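# Tertiary structure, described
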Amino acid sequence: MDDLIRMTERAQDVKKREDMHIVIVGHVDHGKSTVIGRLLADNNMLPDGKIEQIKEKCRRNSKPFEYAFLLDALKDEQSQGITIDTARTFFSTDKRNYIVLDAPGHVEFLKNMVTGAARAQAALMVVDANEGIMENSKRHGYLLSMLGVKQIAVLVNKMDIVGYSKERFDGIVSEYGEFLKSIGITPSAFIPVSGMCGDNIVNKDAQNIPWYKGNTVMEQLEAFESGGESENLDLRMPVQGVYKFTGNNDTRRIIAGTIEAGKLKVGDNIVLYPSGKRTKVASIEAYNSDPITEVTAGTATGFTMTEQIYAQRGDVVVKDGEDVPEVSDRIIANVFWLGKESLATGKKYIVKLGTAKVNAKIVAVNKVLDASTLKNIQKNEIARNEVGECEIVFDKKVAFDTVDKNAALSRFVIISDYEICGGGIVTGTPAVGGGNITLDRLAVDQSQRMLASRQKGAVLWFTGLSGSGKSTIGDKLDARLNAMGYASYRLDGDNLRFGLNKDCDFTPEGRNENLRRAAEVAKLFMDAGMITLCTFISPSEDMRKMVRDIIGQDCSIIYTKASCEECIKRDPKGLYKKALEGKIKGFTGVDSPYDEPVDADIVIDTESVLPDEAVDLVLNYMSENGIIY
């Protein structure tokens, strides 16, 4: 019982302390894991006997003990207030709870820019005293600058290997300090350390490093400011989703997201950008909690409105009367590129900025910075591992901040072929008329149509074998939507192949062109504000990727899953019978393959789900994703 009381008291103490997120970076083998291991060990944050256990294991395997081994040993372990996973390490002092974020590669950095780990309030940059400044040391510096991290301590590690040489330390301070200054970073401290020996990690080393009078790593962590200043900024809350309730007479519509800056309280008059729609906060919602009247920066929350307005993922909530964000369909940005193929003008990508996800095109590369020489290069593309400034145009307006105003709302990632290939920060917007803008725009945009129709133009692309239920579900969904007052239309082979696509045969090339035209038509319907239901076998991943590339982010893939054996039993048009008799060649499922979707938004097993139940599933998905409201 006493142990339980002590554990409860400890948990309460931990909860009362402020949190600080620290990101630790450095070139491979420069000693990040060793530094973290030492921080845990010398702060007495390890389970009893853990070091001895690892040392004994090393002895049995004839391996030298390293503090880095502690991280591997502690994964998935939770005891004595310590939890470690592949990306985060947690430990506490009397002052704070520390969350150490370790992103081992560039891609992890870029993902963190939009997933929340980039909330880091400070950073530790580890540099090997013997090996010196490496290319990755400079690249990580760029990435920290892009993340908007202002508090950085550089740990010159492995000082024991260079004989604790002050000259070597001063040389690295001079070289790296000059580089960081050139990219706008002023380190809070340079600290000579030895992770292996424990020098200046938690305990000062006056014997080996008598010439150093500054903070230890732990003292520097405690000296960092917690970053509460974000609460004092103007309100910024990117909308993550809109949730409706219909059961038990519950009619709430909750706008959900994470507050990136400022405060939100009941009664606040708010504006949603880019639309400019206004309402007032009626309540702040919290699960299994006492009523809340105010929430602050860093909080994931939801609220209801006094006046119902259309909101969607990607909108930004701002307090009426406070400074407004930028609203534009074009940006000037600094980009760090990691894609195998260069980022080039004229190419199309997807950009995720805040919670908005938009189609984009690079219209100009203004300059490229060589990470090793710091010289600007004039060319029209940004190669792998290069940093450059470019102009990007979106297919619709987005709300954001520039990095000098609010780093969190300036960060974005660039997606190519469904992979994060780059990331950056918004530094400004081009002058009106700047850039060679080539994306055509309509006089009435989609957001204006939404206000009039209570629906968002979208494409639901049903794929599956012949006889899997695509058309049946599509017809029933079309009827249900029209009965509910929504504008929808169904496209399939029958209403395209006998008109617009009558010249498309059933060769692979003909099928591909049939789907390409169908996707282009569906996109036009979507731009007109229609909910377009497309029911095409579209058997290959390449075909479906082409469809997504044409239509964009508002294309949802719905896989009606049924085995070929079941579809043969159903055979509503008698096509399988003819194919099995050899009367139809290249029939999908018989003598032509069907690639099951790997990225379907909805999978409906039509062997176990009835058509009306399937329609309910799709309607719920449409409501949750803001297609209907």
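Read on for an overview of the structure. (Residues numbered from 1 in each chain as written. Predicted model: local features only at pLDDT ≥ 70, side-chain atom pairs only at ≥ 80, totals over all residues. Heavy atoms only, no water.)

Turning our eyes to something else, we now look at the overall build of the protein. Each helix and strand counted, the protein has 16 helices and 30 strands in total. Counting the 629 residues in the protein, one finds 51% classified as buried. Contacts in the protein between residues at least 24 apart in sequence constitute 74% of all its contacts with a sequence separation of at least 6. With the model as given, the accessible surface of the protein reaches about 29,400 Å², and the carbon-plus-sulfur share is 48%. (Helix = DSSP H or I, 4+ residues; strand = E, 2+ residues; numbered from the N terminus. Buried < 20%, exposed > 50% of the residue type's maximum accessible area, 1.4 Å probe, protein only. Contact = heavy atoms within 4.5 Å. Areas by Shrake-Rupley, 256 points an atom, 1.4 Å probe, with all protein chains shown as cover.)

Before going further, it helps to examine the pattern of salt bridges. Inspection of every chain in the model, using the stated rule, returns 25 salt bridges. Residues Glu-513 and Arg-516 are paired through a salt bridge, measuring 2.8 Å at the closest nitrogen-oxygen approach. Here the residue Glu-513 and the residue Arg-516 both occupy positions in helix H12 (residues 508–527), the gap between them amounting to three residues, near one helical turn. Taking the relative accessible area as the measure of exposure, Arg-516 reaches 32% and is therefore partly exposed. Several salt bridges converge on common partners, so that one network encompasses Lys-265, Asp-268 and Lys-319. (Salt bridge = Lys/Arg side-chain N within 4 Å of Asp/Glu carboxyl O.)

On the basis of which strands lie adjacent, the closed barrel formed by six strands has the order S9-S10-S15-S13-S12-S16 and antiparallel pairing. Sheet twist, expressed as the mean angle between neighbouring strand axes with direction ignored, is 50°. Of the pairings in the sheet, the one linking strand S12 (residues 269–273) to strand S13 (residues 277–285) comprises four bridges and is antiparallel in character. Within S13, the position partnered with Ile-270 by the bridge is Thr-279. (Pairing = 2+ DSSP bridges. Axes fitted to C-alpha atoms, helices over the stretch in contact; angles between N-to-C directions.)

Bringing the sheet that holds strand S30 (residues 602–605) into the picture now. Strand order in this open sheet of five strands is S27-S28-S26-S29-S30, and the pairing throughout is parallel. Each edge of the open sheet is held by one strand with a lone partner, namely strand S27 (488–492) and S30. If you compare each strand with its neighbour and ignore which way they point, the axes differ by 20° on average. Where strand S29 (residues 555–561) and S30 come together, four bridges link them in parallel fashion. By the bridge assignment, Ile-558 is partnered in S30 with Ile-602. Of the strands in this sheet, strand S26 (458–463), S27, strand S28 (531–535), S29 and S30 touch helix H10 (residues 470–483), which is tilted by about 165° from S27. Helix H16 (residues 611–624) contacts S26, S28, S29 and S30 of the sheet and is inclined by roughly 170° relative to S30.

Right, let's get into the state of the cysteines. Following the criterion strictly, the structure yields zero disulfides and no others. Its sulfur unpaired, Cys-567 is 6.5 Å from the next cysteine sulfur, which belongs to Cys-564. (Disulfide = S-S within 2.5 Å.)

Let us now look at the packing of H12 against helix H13 (residues 541–551). Direction vectors running N to C along H12 and H13 enclose 30°, while the axes themselves pass 9 Å from each other. Put simply, H12 runs roughly parallel to H13. Note that H12 runs across H13; the crossing there is right-handed. On the side of H12, the interface is formed by Arg-511, Asn-512, Leu-515, Arg-516, Ala-519, Glu-520, Ala-522, Lys-523 and Met-526, while H13 contributes Met-543, Met-546, Val-547, Ile-550 and Ile-551. (Parallel < 35°, antiparallel > 145°, perpendicular 65-115°, else oblique. Left-handed = near helix turned anticlockwise from the far one by under 90°.)

This part covers the side chain of Ser-92. Here Ser-92 shows up in strand S4 (residues 88–92). Looking at Ser-92, the relative accessible area reads 16%, which means it is buried. At 2.9 Å, the side chain of Ser-92 forms a polar contact with the side chain of Asn-97. (Polar contact = N/O pair within 3.5 Å; in protein donor to acceptor, adjacent residues only side chain to side chain.)

Once that is clear, we can look at H13. Within H13 the residues assigned to the buried category are Met-543, Arg-544, Met-546, Val-547, Arg-548, Ile-550 and Ile-551. Directly beyond the C-terminal end of H13, a positive phi value near 100° is found at Gly-552.

Soluble globular proteins tend to bury their nonpolar side chains together. Counting residues in hydrophobic clusters, the biggest one holds 61 residues, and the most contacted among them are Leu-144, Leu-155, Tyr-176 and Leu-221. In this view, Leu-155 contacts Val-35, Leu-124, Met-125, Val-126, Val-127, Ile-191, Val-193 and Val-217; residues no more than four positions away in its chain are not counted. Grouped together as the second largest cluster of nonpolar side chains are 24 residues, Ile-331, Trp-337, Ile-362 and Phe-400 included. (Core = buried A, V, L, I, M, F, W, Y, C linked by side-chain atoms within 4.5 Å.)

Let us look at the environment of Leu-143. You can see Leu-143 is positioned in helix H6 (residues 135–147). The class of Leu-143 is buried, set by a relative accessible area of 1%. Through-space distance from the C-alpha of Leu-143 to that of Val-335 is 9.7 Å; in sequence the pair is 192 residues apart.

Both faces of the sheet carry side chains from a regular strand, because those side chains alternate between them. In terms of burial, strand S10 (residues 253–258) is a largely internal element, five of the six residues being buried. Two strands pair when backbone bridges link them, and S10 and strand S15 (residues 300–305) are joined in this way by four bridges, in the antiparallel orientation. Bridging from a neighbouring strand, Ala-256 pairs with Gly-302 of S15.

So, about a nonpolar patch on the surface. The grouping of Ile-568, Leu-580 and Val-590 at the surface amounts to a nonpolar patch, some 220 Å² of accessible area in total. Take Ile-568: it is sitting in helix H14 (residues 564–570). The exposure class assigned to Ile-568 is partly exposed, which follows from its relative accessible area of 32%. (Patch = residues over 30% accessible without salt bridge, like charges linked within 9 Å, V, L, I, M, F, W, Y side chains within 5 Å.)

Summed over all chains, the structure comprises seven aromatic pairs. Centre to centre, the rings of Trp-337 and Tyr-349 are 5.7 Å apart; their planes meet at 75°, and the pair counts as edge-to-face. Separated by 12 residues along the polypeptide, Trp-337 in strand S17 (residues 326–337) and Tyr-349 in strand S19 (residues 348–353) bring together distant segments of the chain. Judged by relative accessible area, which is 1%, Trp-337 ranks as buried. Its relative accessible area of 7% is what places Tyr-349 among the buried residues. (Phe/Tyr/Trp six-rings, centres within 6.5 Å; stacked < 30°, edge-to-face > 60°.)

Another point: the packing of H10 against H16. Two numbers describe how H10 lies on H16: the axes approach to 9 Å, and their chain directions differ by 60°. Judged by the inter-axis angle, H10 sits oblique to H16. Like other packed secondary-structure pairs, H10 and H16 cross with a definite hand, here right-handed. Contacts between H10 and H16 involve Thr-472, Ile-473, Lys-476, Leu-477, Arg-480 and Leu-481 from the former and Pro-611, Asp-612, Ala-614, Val-615, Asp-616, Val-618, Leu-619 and Met-622 from the latter.

Take unusual backbone geometry next. A cis amide bond links Tyr-273 to the next residue, Pro-274, at an omega of 20°. The topology assignment puts Pro-274 in the loop between S12 and S13. One non-glycine residue, Lys-158, lies in the positive phi region at around 60°. On the secondary structure map, Lys-158 appears in the loop between strand S7 (151–157) and helix H7 (166–182). Taking the relative accessible area as the measure of exposure, Lys-158 reaches 21% and is therefore partly exposed. Phi is positive for Tyr-164, close to 55°, though the residue is something other than glycine. Positionally, Tyr-164 belongs in the loop between S7 and H7.

Over its 20 residues, H12 runs 29 Å from end to end, which matches the ideal 28 Å to within 8%, given 1.5 Å per residue. Along H12, the residues that are buried comprise Gly-510, Arg-511, Asn-514, Leu-515, Arg-517, Ala-518, Ala-519, Val-521, Ala-522 and Met-526. Just beyond H12, the residue with positive phi is Gly-529, at close to 90°. (Expected span 1.5 Å × (residues − 1).)

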